[in-house]
Amino acid sequence: MLGDTDFLRVEHAAEMRDLIPDARLAVLPDTTHMALMKRTDLLLPMLEEFLR
């Protein structure tokens, strides 16, 4: 998971996802690295789906 305005580039995160079996990637819009955990409106539904 990363924000679209994160210091990590989405392309690099996609490469990491491809290297980890069963990995998923979520890119949160209008979000920085430090604000990820504050985006519960987006984060919680994705985590609930992943944990099902």
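Residues numbered from 1 in each chain as written. Predicted model: local features only at pLDDT ≥ 70, side-chain atom pairs only at ≥ 80, totals over all residues. Heavy atoms only, no water.

A.B. asks: What exactly am I supposed to notice about the pattern of salt bridges here?
C.D. replies: Where side chains of opposite charge bring their charged atoms close, a pairing between them can arise. A full pass over the atoms with the stated rule returns three salt bridges. A salt bridge links Arg9 to Glu11, with the shortest nitrogen-to-oxygen separation between them at 3.4 Å. The exposure class assigned to Arg9 is partly exposed, which follows from its relative accessible area of 48%. For Glu11, a relative accessible area of 47% puts it in the partly exposed group. The salt bridge involving Asp41 is made with Arg39; its shortest N-O contact spans 3.4 Å. (Salt bridge = Lys/Arg side-chain N within 4 Å of Asp/Glu carboxyl O. Buried < 20%, exposed > 50% of the residue type's maximum accessible area, 1.4 Å probe, protein only.)

A.B. asks: Teacher, can you tell me more about the side chain of Thr31 here?
C.D. replies: Within the element layout of this structure, Thr31 appears in the loop between β2 (27-28) and α2 (40-51). Taking relative accessible area as the criterion, Thr31 reaches 1% and is therefore assigned buried. Here the side chain of Thr31 touches Arg39 through a polar contact of 2.9 Å, side chain to side chain. Sequence-distant contacts of Thr31, that is, excluding residues within four places in its chain, are made with Gly3, Asp4, Thr5, Asp6, Leu36 and Arg39. (Helix = DSSP H or I, 4+ residues; strand = E, 2+ residues; numbered from the N terminus. Polar contact = N/O pair within 3.5 Å; in protein donor to acceptor, adjacent residues only side chain to side chain. Contact = heavy atoms within 4.5 Å.)

A.B. asks: What is the right way to read the environment of Asp6 from this model?
C.D. replies: Summarising the element assignment, Asp6 is placed in the loop between β1 (2-3) and α1 (10-19). The sequence separation of Asp6 and Val27 amounts to 21 residues, and the corresponding C-alpha distance is 9.4 Å. Sequence-distant contacts of Asp6, that is, excluding residues within four places in its chain, are made with Thr31, His33 and Leu36.

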